[in-house]
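# Observations on the three-dimensional arrangement
So you can see what is in the structure, the chains are spelled out below.
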Amino acid sequence: MKKWIAGAALALTAISGTAQAEGHGSYPERPVMMMVSYGAGGATDFQARIVTMTAGNKDALGMPIAIVNRSGAGGRVGWNWFATDAEADGYTLGAYNIPHFIAQSIEGGVSYSADSFEPIANWGADPAVFVVGADSEFNSMADVVAFATENPGGLTFSGAGLFVGHHIAALQLEKAAGVKLAYIPNNKGGAGAMRAVISGEVMGGVNNLSDAFRAQAAGNVKILGVFDLERNSFLPDVPTMLEQGYDIDNSSVNFRGVMVPKGTPQPIIDHLAAVVPTMFENGRVQSRMKAGGSPMHIMTRDEVLEMWAARQVTLEELLAGL
């Protein structure tokens, strides 16, 4: 009889454990990893570490999130891995950058598209800006365009890669200003692209507002223009490209957020979608982001799904016309 009771108890434990696993009621049971497709020190890495810093709190996930960098080829290396090899178990998250991975999938040669991933929530919207070294002779976009007009292909400037927001902004500038520029993608991402400007390796660069904000505060660069529809509160004295006479919209604005691989169980997606935005809303997170010149733009999963779909259409039209 005792053996039967013991056996029945074991069976019930196994059934209960299976039901709990299928329901994912105890998720997460161990630390979570989040893959960033860009190197340490760049805007995505810098922000990802801030917005996940409260993940271990009891009112958040209750487990820490560790950032792992898989950089290269403008994000392609990391997102190819995330689409093809990452475990869809809720313990492997990814940071997304829009328009980057959508534009890259439109151009082809990658193993992912918007259908490869499931968005969780958006934390920021970081416009592209045009920067030059602090001692540059250029003091406005008019100076930059005048030089480019007189020296076709002679104005070298950096960005984080091909068909990322920086590159799209550069293509739009070429078209709007009627000039030919020498865009040089940096294999070290935004951080490497900014170092190239500061060191004088290139004459200028398109970079993230957040990175540029910190570099300007350190006295290393001048910011000449913002690729957005309105001036940014972090840079109230810097005019938009539209204000300076160039018909450029906000297609290159870099939306950043959290996603999981396709195939992640829906209960886990739902749990993350409910909890992650509250992490972004944490007061300490918001103050740290503000101090780093990083604009926040919190969006829910449903809002991100709409944004991804809209950007897909916009980028298909934009890239077809460039």
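Structure: above.
So, here is what we can say about the structure in this document. (Residues numbered from 1 in each chain as written. Predicted model: local features only at pLDDT ≥ 70, side-chain atom pairs only at ≥ 80, totals over all residues. Heavy atoms only, no water.)

Moving on, we get to the sheet that holds strand S3 (residues 92–98). Spatially, the six strands line up as an open sheet ordered S2-S1-S3-S10-S4-S11, and their pairing is mixed. Since the sheet does not close on itself, it has two edges, and those belong to strand S2 (65–69) and strand S11 (296–299), each with one partner. For this sheet, the mean angle separating the axes of adjacent strands, direction not counted, is 25°. Each of S3, strand S4 (117–126) and strand S10 (254–261) is contacted by helix H4 (residues 100–107), which is oriented at about 80° to S3, the strand it contacts most. Taken strand by strand, helix H11 (residues 301–320) contacts S3, S4, S10 and S11, and its axis lies near 80° from that of S4. (Pairing = 2+ DSSP bridges. Helix = DSSP H or I, 4+ residues; strand = E, 2+ residues; numbered from the N terminus. Axes fitted to C-alpha atoms, helices over the stretch in contact; angles between N-to-C directions. Contact = heavy atoms within 4.5 Å.)

In regular strands, side chains alternate between the two faces of the sheet. Of all seven residues making up S3, seven are buried, and the element is well covered by its neighbours. Here S3 shows a buried face lined by Thr92, Gly94, Tyr96 and Ile98 and a second buried face lined by Leu93, Ala95 and Asn97. As paired strands, strand S1 (residues 32–36) and S3 are joined by three bridges and run parallel to one another. Residue pairing for S3: Met34 is matched across the bridge by Leu93. Looking at chain direction, S3 and S10 are connected through five bridges and run antiparallel. Across the sheet, Ile98 pairs through a bridge with Phe255, a residue of S10. (Buried < 20%, exposed > 50% of the residue type's maximum accessible area, 1.4 Å probe, protein only.)

Moving on, we get to the sheet that holds strand S6 (residues 156–159). Taken in spatial order, the five strands of this open sheet run S7-S6-S8-S5-S9, and their pairing is mixed. Two strands bound the open sheet, and with one partner strand each, they are strand S7 (182–185) and strand S9 (221–227). Between one strand and the next, the sheet's axes are offset by a mean angle of 30°, whatever the strand orientation. Pairing analysis gives four bridges linking S6 to S7, with the strands arranged parallel. Looking at the pairing, Thr156 lines up with Ala182 of S7.

Next up on the list: the side chain of Ser37. Looking at the element boundaries, Ser37 is found in the loop between S1 and helix H2 (43–51). Side chain to side chain, Ser37 and Trp79 meet in a polar contact 3.3 Å long. With residues up to four places along the chain from it excluded, the contact list for Ser37 reads Arg70, Ser71, Gly72, Gly75, Gly78 and Trp79. (Polar contact = N/O pair within 3.5 Å; in protein donor to acceptor, adjacent residues only side chain to side chain.)

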